[in-house]
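Survey of secondary and tertiary structure
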Amino acid sequence: MKKIGFLSFGHWSDHPAYQTRTGGDTLLQSIDLAVAAEELGIDGAYFRVHHFAAQLASPFPLLSAIGAKTSKIEIGTGVIDMRYENPLYMVEDAGAADLISGGRLQLGISRGSPEQVIDGWRYFGYEPAEGETDAEMGRNKALQFLQRLDGEGFAEPNPYPMFPNPPGLLRLEPYSEGLRERIWWGAASNATAVWAAENGMHLQSSTLKFDENGKPFHIQQAEQIRLYKEAWKKAGHTREPRVSVSRSIFALVNEQDRYLFGREAKQADKIGYIEADKRAIFGRSYAAEPDQLIKELAQDEAIQEADTLLLTIPNTLGVDYNVHVLESILKHIAPGLGWR
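Basis of the calculations
- Residues numbered from 1 in each chain as written.
- Predicted model: local features only at pLDDT ≥ 70, side-chain atom pairs only at ≥ 80, totals over all residues.
- Heavy atoms only, no water.
- 1 Å grid on protein atoms, 1.4 Å probe; cavity = no way out; pocket = protein on both sides within 12 Å on 5 of 7 lines; lining within 4 Å.
- Points joined across faces, edges and corners; volume = space filled by probe spheres on them.
- Helix = DSSP H or I, 4+ residues; strand = E, 2+ residues; numbered from the N terminus.
- Nonpolar A, V, L, I, M, F, W, Y, C, P; charged D, E, K, R; others polar.
- Patch = residues over 30% accessible without salt bridge, like charges linked within 9 Å, V, L, I, M, F, W, Y side chains within 5 Å.
- Areas by Shrake-Rupley, 256 points an atom, 1.4 Å probe, with all protein chains shown as cover.
- Salt bridge = Lys/Arg side-chain N within 4 Å of Asp/Glu carboxyl O.
- Buried < 20%, exposed > 50% of the residue type's maximum accessible area, 1.4 Å probe, protein only.
- Core = buried A, V, L, I, M, F, W, Y, C linked by side-chain atoms within 4.5 Å.
- Contact = heavy atoms within 4.5 Å.
- Pairing = 2+ DSSP bridges.
- Axes fitted to C-alpha atoms, helices over the stretch in contact; angles between N-to-C directions.
- Right-handed = clockwise from strand over helix to strand, strands pointing away.
- Parallel < 35°, antiparallel > 145°, perpendicular 65-115°, else oblique.
- Left-handed = near helix turned anticlockwise from the far one by under 90°.

Applying the stated rule across the entire model yields 4 cavities of 30 Å³ or more. Counted as a void, the largest cavity has a volume near 90 Å³. Among the elements that line the lining of the largest cavity, the one with the most residues is helix H1 (residues 23–40), at 4 residues. Tallied by class, residues from the lining of the largest cavity come to 5 nonpolar, 9 polar and no charged. Of the volumes computed, that of the second largest cavity is approximately 50 Å³. Lining the second largest cavity, in full, are Val91, Gly95, Arg148, Leu149, Leu172, Pro174, Tyr175, Ser176 and Leu179.

Rendered as structure tokens:
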């Protein structure tokens, strides 16, 4: 058995082929898709966060709305760039969203990737400390966020408050018990996957990672996952770690599928640079008739290592088509691979 969720980048554009012409279209359709996905039996609704782009950005209003309109599906991010965040304010937002959803928040965070503008976090008012890189700033903010999620008091109370205070130091509210154990780290390297395990975060590994040994993407990703699991065990955590991988997977079951994605059927891994000095490997997309797709996915070592699969969806094609994409995976692919 494997948990299956969707991951939306939340694009919109005033383009004649798009069902999402505005930010409002994307937000409202994201809610509708999550509701429909829950009805199908999909396990998770996850959303990417990008700033300065015609894509989804501030996640907590959306996650709260989905949480209020659903009852079972996990809701989360993949991922929030911590360089842009105030960790304490984020604790409050995350606690509220988690309580609204009844404890279903699965929050993916990371140090972030290259964005649409140069050093975009500076426009949000953040600067690395002296001698600190922006990546280190993101990881340090993540640790602050984790620390304040534990619910322990840390702030000195006002002796003359507007409202009576409980005894002792004060914590951030609203506090959501258990949320600290549902934080994920998006790792692009083996070292940060190990760091995530040491700090008690679940692992999100996407469709790209730094190319660390020249092997095919799915093998490098599987190696990353194994290193993460070993580090988790070594750290002595008593709860079970979770690992998600993202994939673009399309079962070609009708003519529309073949028209839209048939040309992706023979795609291979790609090499590129997401940072000037770091070579990255991008995993292939999967698109084929169901029988062939099952054979190809059975060879993906990283999918085998993960307990959760996030399907990246073409959100611009609208709710109905994305429901079809997800339903095709559940109906034609998941049983053949033992995922259902």
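A grouping of Phe52, Tyr123 and Phe124 is seen on the molecular surface, where their side chains present a nonpolar patch of about 360 Å² in accessible area. By the secondary structure assignment, Phe52 is in the loop between strand E2 (44–47) and helix H2 (59–69). You can call Phe52 partly exposed: its relative accessible area is 42%.

Our focus in this paragraph is the nonpolar core. The biggest cluster of nonpolar side chains holds 70 residues, and the ones touching the most others in it are Phe6, Leu107, Ile109, Phe145 and Ile183. The greatest single-element share of this core, amounting to 6 residues, is contributed by helix H10 (residues 319–333). Not counting residues within four places of it along the chain, the set of residues in contact with Phe145 comprises Met82, Pro87, Met90, Val91, Ala94, Leu107, Ile109 and Ile183. Counting residues in hydrophobic clusters, the runner-up holds 6 residues, among them Phe250, Leu252, Phe261 and Tyr321.

Strands sit in the order E8-E12-E11 across an open sheet of 3 strands; the sheet is antiparallel. Each end of this open sheet is capped by a strand with a single partner; those strands are strand E8 (208–210) and strand E11 (270–275). Going from strand to strand, the sheet's axes swing by 40° on average, the running direction of each strand aside. Pairing of E11 with strand E12 (residues 278–282) involves 5 bridges; the strand directions are antiparallel. Note that in E12 the partner of Tyr273 across the bridge is Arg279. Seen against the sheet, helix H6 (residues 217–235) touches E8 and E12 and runs at an angle of roughly 70° to E8.

Turning to the pairing of strand E6 (residues 183–186), a few remarks are in order. Residues of E6 alternate between two faces, with Ile183 and Trp185 on one and Trp184 and Gly186 on the opposite face, all of them buried. Of the pairings in the sheet, the one linking strand E5 (residues 105–110) to E6 comprises 3 bridges and is parallel in character. Along E6, the bridge assignment pairs Leu107 with Ile183. Regarding topology, helix H4 (residues 134–148) serves as the crossover connection from E5 to the parallel E6, and that connection is right-handed.

A word on the packing of H2 against helix H3 (residues 87–101). It is the contact of H2 with H3, at a shortest axis distance of 7 Å, that shows an interaxial angle of 15°. If you check the angle between H2 and H3, you find them roughly parallel. The handedness of the crossing between H2 and H3 comes out as left-handed. Along the contact surface, H2 presents Phe60, Ser64, Gly67 and Ala68, while H3 presents Met90, Asp93, Ala94, Ala97, Ile100 and Ser101. Grouping the constituent residues of the contact of H2 with H3 by class yields 6 nonpolar, 3 polar and 1 charged.

Our next topic: the layout of surface pockets. Estimated volume of the second largest pocket: approximately 230 Å³. Residue lining of the second largest pocket: 15 residues in total, with Ser58, Phe60, Glu85, Tyr89 and Asp93 positioned closest to the centre. For the lining of the second largest pocket, the secondary structure elements donating two or more residues are H2 and H3. Split into classes, the residues belonging to the lining of the second largest pocket amount to 10 nonpolar, 3 polar and 2 charged.

Backbone torsion omega between Gly78 and Val79 reads 10°, so that peptide bond is classified as cis. Structurally, Val79 is set in the loop between strand E3 (74–77) and strand E4 (80–81). With an omega dihedral of 0°, the bond running from Glu173 to Pro174 counts as a cis peptide bond. In this fold, Pro174 is placed in the loop between H4 and E6. Even without being glycine, Phe52 reaches a positive phi, approximately 60°. The phi angle at Asp119 is positive, at roughly 50°, despite the residue not being glycine. Examined against the element boundaries, Asp119 turns out to sit in the loop between E5 and H4. Residue classification places Asp119 among the partly exposed positions, given a relative accessible area of 31%.

By themselves, these are just geometric observations and shouldn't be taken as functional.
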